[in-house]
Amino acid sequence: MSITLTLADWGALFLHFISLSLLAVGGAITTAPDIHRYLVDETHWLSDTQFTSSIALAQGAPGPNVMFIALVGWNVGLNAGGGLAAGWPGIALALWGVLITMVGIMIPSCTLTFVATQWAHRNREMLAVKAFKGGMAPIVIALLIATGWLLTGNHENPARDWPLWVLAGATTLIVWKTKTHLLLLLGFGALLGALGWI
Amino acid sequence: MTTPHSVAPNAPQNKTDLFVSFTVLALQGFGGVLAVVQRELVEKKQWLTPDEFVEDWAVAQILPGPNVVNLSLMIGGRHFGLPGALAALSGLLLAPTVLVLLIAIAVAGFADTPVAQGMLRGMGAVSAGLIAAVGIKLMGALKNNPMGMLTCIGMGALTFIAIGLLRLPLAWVLLSLGPLSCVWASHCIKQRGAA
C-alpha cells in the first residue's frame, strides 16, 4: 500500500498519539481500538492486515506490549516511503514513523508518571499515599489473576481450545511452585503451537 | 504507629546498572514483561520486596501509559532522579524496539502463516499462565496490608468477578472499587495509629 503524507499529516499523527497517551490507562493495548479507527478506517494510512500483524508481532517479540505502537509507526512510514523496496529512503521514513508514534505516545504519560510518583515517594508517610497503596493492593492483584483468566478464556470454543487452558493452567502451577526459566516455558508453548497441538 | 514494612535488601548500583537490568528483563519478556519484572526485580535482584512491588504496581497500573514503562520510571526515578528514570526507560524500550523492527523486516509475510499463528497461540497461553502466577504469588504480600487479609480477599474477589466474569470496563471497576478500598484502608490505618 502506498500513501503520501504531508508535513501537516505527520503533525496530525504526532498529535493523535499525544492525545491517546493519557487515555492509555491499563496499558498501551487499550488504545488499539482507537488507533485502528484513526489509521485504518479514517485516514487509510494503514491497512487492516498491517494493523493486525503489528499486534501479533509485538506479542510474539520480546519487550513491552507498547512495541505494537512502534510497529504501527513503522508500517505507516513504510507506506509513505515506498516500503522496503525503496531502499534506505524507505527505511528512513519508516524509522521516522516509529519516532513520531513512540515519542507521541510516551511523552504525556511518562511526564505525568514521573512527576506524580516522585511526589508520592517524597510524601510516602502521608496517610493518603499509604491508604492509596494499601487500598489498591488487593484490587491490583485480582486484576493480574483476572487478566490471566481473560487471556485464556478468550478462546470461546471449549472442544477445540481445551489444550490452551491446560497449557495456561500448567504454566501457572509451574511458575508458582518452581523457578523454571520463563523463556523455556514460552519456547515450549511456541513449539506446541507450531506443531499444531494446541 | 507506622505499618511494619520490609526493606528491600538490594538497590541498583548506578544508572548503567538500571539500563542494563531493564534491557535484560525487556528482552526476556514475550507477550508482556510483567512476569519477568517480578522474577528479576523481586526474586533475583531483590531491589523490591513483594510488598513494595505490589504497591508500585498499583500506582503503575492506575497512571496512564504502559504499566511496565511506568514502573521503570518509578524505580529509576527513586534511586537516581530524572537521569535514573530515563536510563531505566531507555533500557526497557531501546533494544526491544530495534529487535522488533528487525523481526518485522525478517518475517514480512511469515506472520500470517498457520505455523506463526500456532506459535503465537501457544505463547499466548503460556503468557496468560505467567501473569496469573504472578498474581497468585503476590497474594502473600497482602498479609501486611492495613485492611487485613479477609477484607483484601473480599475486595480481590469482587474485582475478579467484575473484570474476569462480568467483563466490566476497567475504568468503572477502578473508579468504584478503588476509592471504596482506599477510604477503608485509610480508616484502618487511622484505627491502628490510635490503638
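Residues numbered from 1 in each chain as written. Chains lettered and ligands numbered in written order. Predicted model: local features only at pLDDT ≥ 70, side-chain atom pairs only at ≥ 80, totals over all residues.

**Quick notes on helix α6 (residues 149-165) of chain B**
In this model α6(B) runs 23 Å from its N-terminal to its C-terminal C-alpha over 17 residues, within 8% of the 24 Å that 1.5 Å per residue would give. Taken together, the buried positions of α6(B) are Cys152(B), Met155(B), Gly156(B), Thr159(B), Phe160(B), Ala162(B) and Ile163(B). (Helix = DSSP H or I, 4+ residues; strand = E, 2+ residues; numbered from the N terminus. Expected span 1.5 Å × (residues − 1). Buried ≥ 20, exposed ≤ 12 C-beta atoms within 10 Å, placed from the backbone.)

**Comments concerning the interface of chain B and chain A**
Every contact between the two is made by 87 residues of chain B and, on the other side, 79 residues of chain A. Secondary structure elements with two or more residues in the side of chain B that touches chain A: α1 (15-28), α2 (34-44), α3 (50-62), α4 (67-107), α5 (114-138), α6 and α7 (170-194) of chain B. Of all the elements, α5(B) adds the most residues to the side of chain B that touches chain A, at 21 residues. (Contact = placed C-beta atoms within 7 Å.)

**Describing the domain arrangement of chain A**
By the assigned domains, chain A splits into domain 1 (7-117) and domain 2 (125-194). Taking only C-alpha atoms into account, the centre of domain 1 of chain A sits 27 Å from that of domain 2 of chain A. (Domains from an automatic or database assignment.)

**Remarks on the packing of helix α5 (residues 88-122) of chain A against α4(B)**
The description of two helices packed together rests on the angle between their axes and the distance between the axes. In contact at an axis separation of 12 Å, α5(A) and α4(B) are set at 160° when each is read in the N-to-C sense. It follows from the interaxial angle that α5(A) and α4(B) lie roughly antiparallel. Regarding α5(A) and α4(B), the two cross each other, and that crossing is right-handed. Taken together, the residues of α4(B) that come into contact with α5(A) (itself represented by Val98(A), Cys110(A), Thr113(A), Phe114(A), Thr117(A), Gln118(A) and His121(A)) are Val69(B), Asn70(B), Leu73(B), Met74(B), Gly77(B), Arg78(B), Ala85(B), Leu89(B) and Thr97(B). Grouping the constituent residues of the contact of α5(A) with α4(B) by class yields eight nonpolar, seven polar and one charged. (Axes fitted to C-alpha atoms, helices over the stretch in contact; angles between N-to-C directions. Parallel < 35°, antiparallel > 145°, perpendicular 65-115°, else oblique. Left-handed = near helix turned anticlockwise from the far one by under 90°. Nonpolar A, V, L, I, M, F, W, Y, C, P; charged D, E, K, R; others polar.)

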